[in-house]
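Summary of the model geometry
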Amino acid sequence: MSLLNRRPGLRWLVPLLAVIVVTTAGSVIAAVTASARDSLPPRSAAQLLVDVQKARLDDGLSGTIVQSASLGLPSLPGPEGDQSSSFSSLVSGSHTLRVWYAGPSRVRVALLGQLGESDLVRNGSDVWIWSSHNNTAHHLTIPAGSDRADPSGMSAEQAMTPQQAADAALKAITPTTRVTTDPTAEVAGRSAYQLVLEPQDPGTLIGHVTIAIDGETHIPTRVQVFGRGTTAPAFETGFTSFNASTPPSSVFDFNPPPGATVTEGLGGTGGPADGHTLAETAGATGGTPQVIGKGWTTIVKADLPANTSNGDNSGPFGNLTTITKSLPTVSGSWGSGHLLRGTLFSVLVTDRGQVVAGAVAPEQLYSALEAP
Amino acid sequence: MSAAELSATAAVPARRPSPRFLASELRLVLRRRRNLAGLAVLAAVPIFIAIAVKSSASQPGADAPDFFRSITENGLFVSLAALTVELGIFLPLAVAAIAGDAVAGEANLGTLRYLLVVPVSRLRLLAVKYTAIVLFAFVATFLVAVVGMVIGLALFGGGNLTTLSGTQISFTEGLGRVALASAYLGCALASLGAVGLFISTLTEQPIAATIATVIFSAASLILDSIPQVDWLHPYLLTHHWTAFGDLLRTPIAWSGVVQGLYVAAAYALVFFLAAWARFAGKDVTN
């Protein structure tokens, strides 16, 4: 204490030390547990793909998935950004999902919003979609016997052994993609393999894609997509907590609370209307989309349905038109249009009602338009 | 008031570590008329919300927070709605007023000198001051919750509580969840109190310390709403405050609450030590 009395300034070292301790405590614990974990034996890409196909969730799982996307999309109108509990908000920002799985007929996914939640619950033949924000519960009934289609479909798939399927898949992508594996990844505090897919074509905006596969259960636990030359993923979805044991059956119980608006069947709130317009839209989309190039630099060219170009805001593309109009205008020998320059892909909507899109830089979209 | 303060400080016993020092500090905080007025304002909010929802024919609109729309279903939601509303400014302001006053108020009135004459270490003096702030934070939060509960149950009734996940829990469990949420927010506000205590040691103007503490909390809220600095968000004091909603899910999502408690504890520790570093070596001139 006498030292502190002589040099009162030294006292400030104590809160400073506390700052260092509390900010590094998390990473120190992570490092200690990481070194305590057994390292995984190396496995080839083909072996990993076989593992994934053979992976069976006998006990079920529960966990938390965090998804974050910075795709360079314009922010959507309405309360659909970060922290929203609406399922349609997932395209941008950061979101937390909780999942429970106890076999294909007992599944629950909850999207956590700030002071709100959307749930999708399947328990046997009942499917419920709940939204706390709208206070609505939508009920679907899955016809009995539809699950039996799964085993038959499975057996048809198994005509090809997992090994053959893995080899075929790798053979299909190797001309365009370099596939490597890394046994040192870590997802949700568990050792994981990482499958790294690196496009060989320098024309694409995608730098590399990593797929993490849990070392114990062989379930894919994380997907990250990196832009070219960036170190932070532009899109990431993965488990932050993962528990490979059967969740309690109570989490799959859902009864609509009193006071909630309950809708039934495939129709429900705006269901039939949506189906109607979608069918119309499908009919209205002039011609089939044209595919230019191959591999990672594939560009898709299509004509927009007529009603979107004349500024009709009532259709399902109504919002789209508004968003398109807010995008920067670009022009060239191909004409002019609005460009969405994303971090992983570019989309160009021309004034003539054409849309071209691809995981490429805008310049390649222009040349695709110029080509006949 | 200064007479009351003098008599309260004079009641502090010499040497013997006893709860009487804390008791006198608490008496001081909870008997001040301005603090009572502040608590009355805090308690008025749930009453206002409940009466407004009851008297208006239309349900709260689509843009209302989720808790508001559930008020007519269950009176317990009045507590949650009131806590949500007051979390922005009222509750932080109340805690900032007490914390800002803790040391600077005594210095301003000239009573700090007399306090320091009492043979207790400055560390213990700060610890007693901070304990009083923490208790006040809990008193304020639970006051809002209890008043909301009473008026809500009186106007809208109780019964099973619908969680954010759309499932129902029993009334007693719902009561427990609301109590948990209040306790969590009490911890969150107590950590803001540590920031206020530190600022209070920097100045002799209690009002300046209070304003600075409110600015700290407001700036944290503003930064939390700017997506471009999202790398900073997990470190912000206020970032995890809304995680109290996770306690209203089935099953409870603990991760946000646990992170929130860690951040609160970290802020409380660092700023309490900073307050000690400043106060222990401070020359008290008046």
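Keep in mind that what you see is a predicted model, and the values were worked out from it rather than measured.

So, how was this worked out
- Residues numbered from 1 in each chain as written.
- Chains lettered and ligands numbered in written order.
- Predicted model: local features only at pLDDT ≥ 70, side-chain atom pairs only at ≥ 80, totals over all residues.
- Heavy atoms only, no water.
- Helix = DSSP H or I, 4+ residues; strand = E, 2+ residues; numbered from the N terminus.
- Buried < 20%, exposed > 50% of the residue type's maximum accessible area, 1.4 Å probe, protein only.
- Contact = heavy atoms within 4.5 Å.
- Pairing = 2+ DSSP bridges.
- Salt bridge = Lys/Arg side-chain N within 4 Å of Asp/Glu carboxyl O.
- Buried area = accessible area lost by both parts, 1.4 Å probe.
- Polar contact = N/O pair within 3.5 Å; in protein donor to acceptor, adjacent residues only side chain to side chain.
- Nonpolar A, V, L, I, M, F, W, Y, C, P; charged D, E, K, R; others polar.
- Axes fitted to C-alpha atoms, helices over the stretch in contact; angles between N-to-C directions.
- Phe/Tyr/Trp six-rings, centres within 6.5 Å; stacked < 30°, edge-to-face > 60°.
- Lys NZ or Arg CZ within 6 Å of the ring centre and 35° of its normal.

Looking now at the overall build of chain B. When its secondary structure is counted, chain B shows 11 helices and two strands. What you see in chain B, going N to C, is helices and strands ordered as α-α-α-α-α-α-α-α-β-β-α-α-α. Looking at chain B as a whole, 54% of its 286 residues qualify as buried. Residue pairs in contact within chain B that sit at least 24 positions apart in sequence constitute 76% of those at least 6 positions apart.

Now for the pairing of strand S6 (residues 136–141) of chain A. It is a general feature of regular strands that their side chains alternate between the two faces of the sheet. All names here are of chain A. Bridge count for strand S5 (residues 126–131) against S6 is six bridges, and the pairing is antiparallel. Bridge pairing in S6 places Val127 opposite Leu140. Taking the residues that link successive antiparallel strands as the turn, the S5-S6 hairpin has four residues, and the phi of Asn135 there is positive, at about 55 degrees. Bridge count between S6 and strand S12 (residues 261–264): four bridges; the pairing is parallel. Pairing of His138 across the sheet is with Thr263, part of S12.

It is worth spelling out the pattern of salt bridges at this point. All names here are of chain A. If you walk through the whole model with that rule in mind, you get 13 salt bridges over all chains. Of the charged contacts, one joins Arg178 and Glu198 as a salt bridge, the two residues approaching to 3.1 Å between their closest N and O atoms. Of this pair, Arg178 sits in strand S7 (residues 177–187) while Glu198 is found in strand S8 (residues 190–199), placing the two residues 20 residues apart along the sequence. For the salt bridge of Glu216 with Arg190, the shortest nitrogen-to-oxygen distance reads 3.9 Å. Here Glu216 is found in the loop between strand S9 (206–214) and strand S10 (220–227), whereas its partner Arg190 is found in strand S8, with 26 residues between them in sequence. For Glu216, a relative accessible area of 64% gives the class exposed. The class for Arg190 is buried, based on a relative accessible area of 17%.

Looking now at the interface of chain B and chain A. On the side of chain A, 32 residues touch chain B, which itself brings 34 residues to the contact. In this assembly, chain B packs against chain A so that about 2,600 Å² is buried in total across both faces, 61% of it on carbon and sulfur atoms. Counting the contacts that link chain B with chain A gives one salt bridge. Across the pair A:Glu117 and B:Arg249 runs a salt bridge, and its minimum N-O distance is 2.9 Å. Viewed at the interface, chain A and chain B are joined by 12 residue pairs in polar contact (both at pLDDT 80 or more). Of all the secondary structure elements, the ones that give two or more residues to the side of chain B that touches chain A are helix H4 (66–69) and helix H11 (254–280) of chain B. Here the residues of the side of chain B that touches chain A sort into 18 nonpolar, 11 polar and five charged.

Residues and elements named next belong to chain A. One open sheet accounts for six strands, arranged S13-S14-S18-S17-S16-S15; its pairing is antiparallel. Bordering the open sheet on either side are strand S13 (290–292) and strand S15 (329–332), each of which pairs with just one other strand. Each neighbouring strand pair of the sheet contributes to a mean axis angle of 25 degrees, computed without reference to strand direction. Relative to strand S18 (residues 354–358), strand S14 (residues 299–303) runs antiparallel, the two being bridged by five bridges. Looking at the pairing, Ile299 lines up with Gly358 of S18.

Here we take up the sheet that holds strand S11 (residues 235–243) of chain A. All names here are of chain A. Taken in spatial order, the 12 strands make up an open sheet running S7-S8-S9-S10-S11-S1-S2-S3-S4-S5-S6-S12, and their pairing is mixed. In the strand order of this sheet, the two ends are held by S7 and S12, each with one partner. Strand after strand, the sheet turns through a mean of 15 degrees between neighbouring axes, direction not considered. Here S7 runs beside S8; their pairing, made up of nine bridges, is antiparallel.

With that settled, the discussion passes to unusual backbone geometry. With an omega of -15 degrees, the peptide bond running from B:Thr250 to B:Pro251 counts as cis. Considering the arrangement of structural elements, one finds B:Pro251 in the loop between helix H10 (206–224) and H11. Non-glycine residue A:Leu115 carries a positive phi angle of around 55 degrees. By the secondary structure assignment, A:Leu115 is in the loop between strand S3 (106–113) and strand S4 (116–123). One non-glycine residue with positive phi stands out, namely A:His218, at about 60 degrees. With respect to the secondary-structure elements, A:His218 resides in the loop between S9 and S10.

Following the criterion strictly, the structure yields 12 aromatic pairs over all chains and no others. Summarising the aromatic geometry, the rings of B:Phe67 and B:Phe244 are spaced 6.1 Å apart at their centres and angled 40 degrees between planes, so their arrangement reads as tilted. You can see B:Phe67 sitting in helix H4 and its partner B:Phe244 sitting in the loop between H10 and H11, a full 177 residues away along the chain. Between B:Tyr130 and B:Phe272, the ring centres sit 5.8 Å apart and the planes meet at 40 degrees, which makes this aromatic pair tilted. Of this pair, B:Tyr130 sits in helix H8 (residues 122–156) while B:Phe272 sits in helix H11, placing them 142 residues apart in sequence. Both residues of the pair, B:Tyr130 and B:Phe272, count as buried. Among the aromatic residues, those joined into a cluster by ring pairs are A:Trp12, B:Phe198, B:Phe216, B:Tyr267 and B:Phe271. Sitting above the plane of the B:Trp276 ring, A:Arg11 keeps its charged end 5.8 Å from the centroid. Against the face of B:Phe279 rests B:Arg122, its NZ or CZ located 5.5 Å from the ring centre.

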